[in-house]
Amino acid sequence: MKVVNLKQAILQAWKERWSDYQWAINMKKFFPKGATWDILNLAEALLEQAMIGPSPNPLILSYLKYAISSQMVSYSSVLSAISKFDDFSRDLCVQALLDIMDMFCDRLSCHGKAEECIGLCRALLSALHWLLRCTAASAERLQEGLEAGTPAAGEKQLAMCLQRLEKTLGSTKNRALLHIAKLEEASSWTAIEHSLLKLGEILANLSNPQLRSQAEQCGTLIRSIPMMLAVHSEQPNKTGFPTVHALVLLEGTMNLTGETQPLVEQLMMVKRMQHIPTPLFVLEIWKACLVGLIESPEGTEELKWTAFTFLKIPQVLVKLKKYSHGDKDFTEDVNCAFEFLLKLTPLLDKADQRCNCDFTDFLLQECRKQGLLSEASVNNLMTKRAADREHAPQQKSGENANIQPNPGLILRAEPTVTNILKTMDADHSKSPEGLLGVLGHMLSGKSLDLLLAAAAATGKLKSFARKFINLNEFTTHGSEESTKSASVRALLFDISFLMLCHVAQTYGSEVILSESSTGAEVPFFETWIQTCMPEEGKILNPDHPCFRPDSTKVESLVALLNNSSEMKLVQMNWHEACLSISAAILEILNAWENGVLAFESIQKITDNIKGKVCSLAVCAVAWLVAHVRMLGLDEREKSLQMIRQLAGPLYSENTLQFYNERVVIMSSILEHMCADVLQQTATQIKFPSTGMDTMPYWNLLPPKRPIKEVLTDIFAKVLEKGWVDSRSIHIFDTLLHMGGVYWFCNNLIKELLKETRKEHTLRAVELLYSIFYLDMQQVTLVLLGHILPGLLTDSSKWHSLMDPPGTALAKLAVWCALSSYSSHKGQASSHQKKRHREDIEDYISLFPLDDMQPSKLMRLLSSNEEDANILSSPADRSMSSSLSASQLHTVNMRDPLNRVLANLFLLISSILGSRTAGPHTQFVQWFMEECVDCLEQGSRGSILQFMPFTTVSELVKVSAMSSPKVVLAITDLSLPLGRQVAAKAIAAL
């Protein structure tokens, strides 16, 4: 008999009572090869025929079970067929369907094309919806049965439904497939959420506690599906976090002027990657502030640290509070952190001693003001600390009784900064004397450094500098003016000039420079600082045109300095004098060298230069410093003597107002300017001392020792101690400066790979990661673009990648990659920007990504091209082995970091696909595990988007990575292709 269609074949089998295997043999005869059973909808046809009557047809059901067992039909077609049945009143039919589901619901798989795997995800989602509806219908029947007095039947069916739900959802693999299906079909997921709510309402009245708790468990599992990637474990049994400590120290020591947002993001990144609980995280921040403050050198550095601790860190915590999920929780965490802090009595006592006040009291009040602690918590903490302070070692009361504590001064300086900014906004021409009074007051004692530290910590330093640049520009020209107004103008010019030089030396010249707006005239001071002021790492040319102004102006200046008894002030163009002084000094030096001028004349000239306005002396020494560098040993004496003459103050009755205060600032500026030259020429100049070390972190490297030894030494010390201190940070920074990024990074990685004890390697990673923040972007490019590929492709170096140093290096590489990738869209912090950067290499020629000139890595990969087409459908085959989510997101590949990441992942892909295994393969596994561990937050668009899609199926073959959660974490599920790759990998597990 020739069978026309499927339905007839099934009916014939039923009429003739074929056994299941007979049915299968005959079916294959009836239907020639070509069309698959799924395309013919065999599962649906069998179910349709089996479910015609009130009870299911056992023979036809046996055919379906045989088809499932012999894999004639796919799981997805059976699940789709089941979910179309909606007459829940036919108990026996429902129970038969539940039995069929029981055959395979906890061991679903699919080894077909990517589209079939996505089909399985969708079918599973429909089946879940069907099970929920079925459970709700059974629960309603049970309620009706209870009212009618026949509960047994309904209860049995409800128990069966819940059992299947539990079995289906109990498998992580199924939940992962449902996670993908939810992203594929958002509307179906909404329907599931509605069914879940409805089921909850019905089951709330259920008297059987066992069934109710079973249903609640299933509900929890369903609700957890969208959050599958958000679970992360917090780190237990650890109280010190060196990375947080070092990051805070680095920021406080080198980047007080930086914005708070990048710091907050860096800290959050560390908190997330190292799974640090919030109270311990906040505690570590405070501990770092205390240590920084206690060990800071006296003077400006101490004030900077006080401002950082009391003004900037509370602002950072306010921003961190926004990242945490509830205000109440965060204040509780801050309170908990302070509870821990109070246990560190010796540290707090030392801070009290250093600040000459109750440190904790000031800090708690500031936190209360910012809404970080409640009134009750503050009072409770203050009571506890007061009790501890009674036992603290007492200071001699007379000694420090009159010294005002810095925290109080800094907190008072902050509103003063705002008032000064308002004053500076007024029209300078209206009351220059009033303005001079304000500025004079700023110069007294340590007021200036206090105000600058407060402005830097609150982000107002740039506008502060801008206002002084405008004032300085305003005072450069004088029209018709009296002697008195001329001296006021000279003083305003001088004070603003000195203040700006001081700011540039203390906080970096980028604070002064404006964002270049084309067309606008550049103020005199900006021009001068860029071209004429010596700074660390900046070599000036003494013959540069900026030092060679109009010769007539130079001649008149030389005449003025040489002939008059003192400097004239009326109608003096100060900016011209400052620019001409260098050429004038050259003339005077030549005259002295050739015996035209005697030493007495030189003394008179230098007294004239520094007698009225100190800024002229600053400009003169700036040029002399550049000039001395160019001279031979025997030619330097007179230039150095001239610097000596200009550096000392003038003891005369006839000086302008605030002379002593101005000389103090001038001396500090000159000392900074001359430091390098004096060291190179082994000369000593005595600058008028202010009683403190004005350059605490200068010249830290021991003489006559190779810098590699210094680097390994300082790293060993830091590793032994377990944390980085401010002095070490400065030494590392100097070494990075001197050796360059590649040298610095390569040598520190060698030190890491020498470690053999697990706890040491982990500590080394935490410390190295924080040290690398000195220039994270460049270090990451070197680490991922040079050092790792070098280790992974050279078999003679594979032994160094064994555990534990190999695991540690993988962790470090992932942390650096994530930090750089998340921040490279933002701005580099100022201490990174001011580094004179050598170009490591042109990354575009190093890693070309176009087909015209394949890079070494690309050539290495092309040998694997034949096994690259692991995905088998036509759509998949068009995918080259290097296609990754980043290309579909059209990420800018001209960016060096993106290129380096793309190439690193190509290398990883080739290692996984190659036929030789070794420590390098193991390293790749650790690298990927760390990526997954750090990305558990479910953050998309991160570094894994550079991983070729084909890597996923290779990774799943590595036993440690063959879990559904890992696949979900490493694929970009926001892309349809990403979901297909994930579904294919998970369905095959």
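Numbering of residues starts from 1 in each chain and follows the order in which that chain's sequence is written. Local features in this predicted model are restricted to residues of pLDDT 70 or higher, and side-chain atom pairs are both shown and tallied only at a pLDDT of 80 or more, whereas totals for entire chains, interfaces and linings draw on every residue. Values reported for side chains reflect all heavy atoms of the structure, with hydrogen atoms and water molecules removed beforehand.

Trainee: It is not clear to me how the overall build of the protein should be interpreted in this structure. Could you clarify?
Mentor: Only DSSP runs of H or I reaching four residues or more are called helices, and only runs of E reaching two or more are called strands; each is numbered from the N terminus. Of regular secondary structure, the protein possesses 48 helices and zero strands. Across the 989 residues in the protein, those meeting the buried criterion constitute 56%. Note on contacts: a residue pair qualifies if any of its non-hydrogen atoms lie within 4.5 Å across the two residues. Partitioning the intrachain contacts of the protein with sequence separation of at least 6 by distance along the chain shows that 79% fall at a separation of at least 24. When the accessible surface of the protein is split by element, carbon and sulfur atoms take 52% of a total near 42500 Å². Relative accessibility decides the category of a residue: with a 1.4 Å probe and only protein chains considered, values under 20% of the type maximum give buried, values over 50% give exposed, and everything between is partly exposed. Here, Shrake-Rupley sampling with a 1.4 Å probe gives the accessible areas, and only protein chains in the shown set may cover a residue.

Trainee: Help me out: how do you make sense of the environment of Glu 332 in this one?
Mentor: Mapped onto the secondary structure, Glu 332 falls in helix α16 (residues 327-342). Sequence separation of Glu 332 and Leu 372 is 40 residues, and the distance between their C-alpha atoms is 8.8 Å.

Trainee: Sorry, what's going on with the side chain of Thr 360 here?
Mentor: Here Thr 360 lies in helix α18 (residues 359-369). Relative accessible area serves as the criterion here: at 2%, Thr 360 is assigned to the buried category. A distance of 3.4 Å separates a polar atom in the side chain of Thr 360 from a polar atom in the side chain of Arg 385. Setting aside residues up to four positions removed in sequence, Thr 360 forms contacts with Leu 342, Leu 348, Asp 352 and Arg 385. Pairs of N or O atoms are called polar contacts if they sit within 3.5 Å, as long as, within protein, a hydrogen donor faces a hydrogen acceptor (for residues adjacent in sequence, only side-chain-to-side-chain pairs).

Trainee: Whenever I open this one, the packing of helix α21 (residues 406-425) against helix α24 (residues 461-474) confuses me. Can you help?
Mentor: In a pair of packed helices, the angle between the axes and the distance between the axes together describe the arrangement. The convention used is that axes are lines fitted to C-alpha atoms, helices contributing only their stretch in contact, and that angles between N-to-C directions extend from 0 to 180 degrees. It is the contact of α21 with α24, at a shortest axis distance of 10 Å, that shows an interaxial angle of 30°. Relative to α24, α21 is oriented roughly parallel. For α21 against α24, the interelement crossing comes out left-handed. Contacts from Val 417, Ile 420, Leu 421, Met 424 and Asp 425 in α21 reach Ser 463, Phe 464, Lys 467, Phe 468 and Leu 471 in α24. If an angle is under 35 degrees, it is roughly parallel; if it is over 145, roughly antiparallel; if it lies from 65 to 115, roughly perpendicular; otherwise it is oblique. If you view the pair so one helix is near and one far, a crossing is left-handed when the near helix is turned anticlockwise from the far one by less than a right angle, and right-handed when it is turned clockwise.

Trainee: Explain α24 to me, please; I cannot follow it from the model alone.
Mentor: For an α-helix, 3.6 residues make a turn, and residues three or four places apart therefore share a direction. To estimate the expected span of a helix, subtract one from its residue number and multiply by 1.5 Å. Compared with an ideal rise of 1.5 Å per residue, which puts 14 residues at 20 Å, α24 spans 20 Å between its outermost C-alpha atoms and is within 8% of the ideal. Turning to α24, the residues buried within the fold contact α21, α22 (432-443), α23 (447-457), α25 (483-507) and α26 (524-532).

Trainee: How do you make sense of the pattern of salt bridges when you look at a structure like this?
Mentor: Note that side chains of opposite charge can pair when their charged atoms are close. Counted as salt bridges are all cases of a side-chain nitrogen of Lys or Arg within 4 Å of a carboxyl oxygen of Asp or Glu. Under the counting rule described, the total for this entry stands at 32 salt bridges. Its salt-bridge partner being Glu 184, residue Arg 979 comes within 2.6 Å of it at the nearest N-O pair. In this pair, Arg 979 is assigned in helix α48 (residues 976-987) and Glu 184 in helix α9 (residues 172-184), connecting sequence segments 795 residues apart. Accessibility expressed as a relative area gives 11% for Arg 979, which makes it buried. Residue classification places Glu 184 among the partly exposed positions, given a relative accessible area of 21%. With its nearest N and O atoms 3.5 Å apart, the salt bridge here joins Lys 304 to Glu 301. Here Lys 304 pairs with Glu 301, and both are found in helix α15 (residues 300-323), just three residues apart, close to one helical turn. When sorted by exposure, Lys 304 lands in the same class as Glu 301, which is buried. The structure contains a network of salt bridges with shared partners spanning Asp 349, Asp 352, Asp 358, Arg 385 and Arg 389.

Trainee: Help me understand the nonpolar core, please; the structure alone is not making it clear to me.
Mentor: Nonpolar side chains tend toward joint burial in soluble globular proteins. Formed by 349 residues in total, the largest nonpolar core has its most connected members in Trp 23, Trp 528, Phe 772 and Met 928. With near-sequence residues (within four places) excluded, Trp 23 lies in contact with Ala 13, Trp 18, Leu 42, Leu 46, Tyr 63, Ala 67 and Met 72. Throughout, nonpolar core names a set of buried Ala, Val, Leu, Ile, Met, Phe, Trp, Tyr and Cys residues whose side chains join them through atoms within 4.5 Å.

Trainee: Just checking my understanding: could you explain the packing of helix α30 (residues 614-629) against helix α32 (residues 659-680) for this structure?
Mentor: Running from amino to carboxyl end, α30 crosses α32 at an angle of 5°, the nearest separation of the two axes being 10 Å. As far as their axial angle goes, α32 and α30 are roughly parallel. Counted together, Cys 614, Ala 617, Val 618, Val 621, Ala 622, Val 625, Val 628 and Arg 629 of α30 and Tyr 659, Arg 662, Val 663, Met 666, Ile 669, Leu 670, Met 673, Cys 674, Asp 676, Val 677 and Gln 680 of α32 form the full contact between these two elements. Residues are grouped as follows: nonpolar covers Ala, Val, Leu, Ile, Met, Phe, Trp, Tyr, Cys and Pro; charged covers Asp, Glu, Lys and Arg; every other residue, Gly included, is treated as polar. Of the residues that constitute the contact of α30 with α32, the class distribution is 15 nonpolar, one polar and three charged.

Trainee: When you look at the packing of aromatic side chains in this model, what are you seeing that I'm missing?
Mentor: For any two aromatic rings, the description comes down to two numbers: the centre-to-centre distance and the angle of the planes. Between rings of Phe, Tyr and Trp, where Trp is taken as its six-membered ring, a pair exists when centres lie within 6.5 Å; planes separated by under 30 degrees are stacked, by over 60 edge-to-face, and by other angles tilted. Tallied over the full model, the rule gives 20 aromatic pairs. By way of ring pairs, the aromatic residues Phe 493, Phe 497, Phe 524, Phe 525, Trp 528 and Trp 574 are connected into one cluster. Criterion for a charge above a ring: Arg CZ or Lys NZ at most 6 Å from the ring centre, at most 35 degrees from the ring normal. For the cation-ring pair, Lys 271 lies above Phe 281, with the distance from its terminal atom to the ring centre recorded as 5.9 Å. Above the face of the Tyr 507 ring, Lys 304 is positioned so that its terminal group lies 4.9 Å from the ring centre.

Trainee: Can you help me understand the side chain of Arg 662 in this one?
Mentor: Relative to the helices and strands, Arg 662 resides in helix α32. Look past the residues within four positions of Arg 662 in its chain and what remains in contact with it is Leu 443, Leu 491, Asp 494, Ile 495, Leu 498, Lys 612, Val 613, Cys 614, Leu 656 and Gln 657.

Trainee: Teacher, can you tell me more about unusual backbone geometry here?
Mentor: With glycine set apart, most residues show a phi of negative sign, and most peptide bonds adopt trans. Residue Pro 804 is reached from Asp 803 by a cis peptide bond, and omega for that bond is 5°. We note that Arg 17 has phi near 50°; this positive angle belongs to a residue other than glycine. Relative to the elements of secondary structure, Arg 17 occurs in the loop between α1 (6-15) and α2 (20-30). With a phi angle near 60°, Gln 71 is a residue other than glycine that sits in the positive phi range. Looking at the secondary structure, you find Gln 71 in the loop between α4 (58-69) and α5 (75-83).

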